[in-house]
Amino acid sequence: MHFTQIIDFKTDQFDDMNQLMDRWVEQTKGKRTASHSVIGKDRADASHYVEIVEFPSYEEAMKNSQLPETERIFQEMVALCDGMPTFTDLDVVRDEQLNKAACRRFFEEIANDGNLDAIEEIFAADYRDHDPNNETPTMGTAALREEVAGYRAGFDFRFTIDDQLAEGDRVANRWTWTATHVAEFRGMPATDRQAQMTGQTVFRFQDGMIVEAWWNHDMLGLLTKLGVIEMPH
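Residues numbered from 1 in each chain as written. Predicted model: local features only at pLDDT ≥ 70, side-chain atom pairs only at ≥ 80, totals over all residues. Heavy atoms only, no water.

### Some points on the pattern of salt bridges
The final tally for this structure, using the stated rule, is 16 salt bridges. The salt bridge partner of Lys31 is Glu69, with a shortest N-O separation of 2.6 Å. In this pair, Lys31 sits in the loop between helix 1 (14–27) and strand 2 (36–41) while Glu69 sits in helix 3 (residues 68–80), placing the two residues 38 residues apart along the sequence. Under the relative-accessibility criterion, Lys31 is labelled partly exposed at 43%. Glu69 sits in the buried class, given a relative accessible area of 8%. Linked through salt bridges whose partners overlap, the residues forming this network are Arg105, Glu109 and Glu121. (Salt bridge = Lys/Arg side-chain N within 4 Å of Asp/Glu carboxyl O. Helix = DSSP H or I, 4+ residues; strand = E, 2+ residues; numbered from the N terminus. Buried < 20%, exposed > 50% of the residue type's maximum accessible area, 1.4 Å probe, protein only.)

Structure below.
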């Protein structure tokens, strides 16, 4: 079970606190068990800060707190604070990364299952799509709908999401696409052959909607497997 610790503190010396945190990161390199740390400042009180630290488990958090570097830095942190920081220990009971879930909806619900009406629910109206296999970027949800419909008409396919990594406003997706070429696609007659293609897509989010994407996939390899083109020997 994931574990999160919330540290609530007040200080008028945040620049010094920030340098202290940098020093702790450097000194605990290769030792610390914390996986993610976020510090937020209270808009209503400029001296009030909250740090949220994530760990794989409570046990890993305890290992982190027992590091001599952690204890030493904590004492220096207390000296910079207005009063003693407070700690809240939380066992994570729900962890829903909404941007990753929206990407999964695209691959599974829209692309695989054909619910094209869901496009407007997760993509911005001015969505921009960058695909090296298209001469110009796909612009807008109507163009995206047409693109997905074209692939679904030409292939009987399924995406499998192999990995997802989220950071900031972007989600990187590594996927495998398994398809049978069942009908004409962009002037290429059906081959009835099955092939797999792997690739990556990075989606950028704004205000909870996908506004831009970058695709990287081996279309040449796919067409070779389908027998549409022949590679020179």
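### A look at the sheet that holds strand 7 (residues 155–167)
Overall, mixed pairing links the six strands, which are arranged 6-5-10-9-8-7 in an open sheet. The sheet is open, and its two edges are formed by strand 6 (138–139) and strand 7, each paired on a single side. Pairing between strand 5 (residues 123–130) and strand 10 (residues 209–217): four bridges, direction parallel. When the bridges of strand 10 are listed, His130 appears paired with Trp214. In the packing of helix 4 (residues 98–112) onto the sheet, the strands contacted are strand 5, strand 7, strand 8 (170–181), strand 9 (194–206) and strand 10, and the crossing angle to strand 7 comes to about 175°. Sitting on the sheet, helix 6 (residues 140–154) touches strand 5, strand 6, strand 7 and strand 8, and the angle it makes with strand 5 is about 60°. (Pairing = 2+ DSSP bridges. Contact = heavy atoms within 4.5 Å. Axes fitted to C-alpha atoms, helices over the stretch in contact; angles between N-to-C directions.)

Nothing here speaks to function; it is all geometry.
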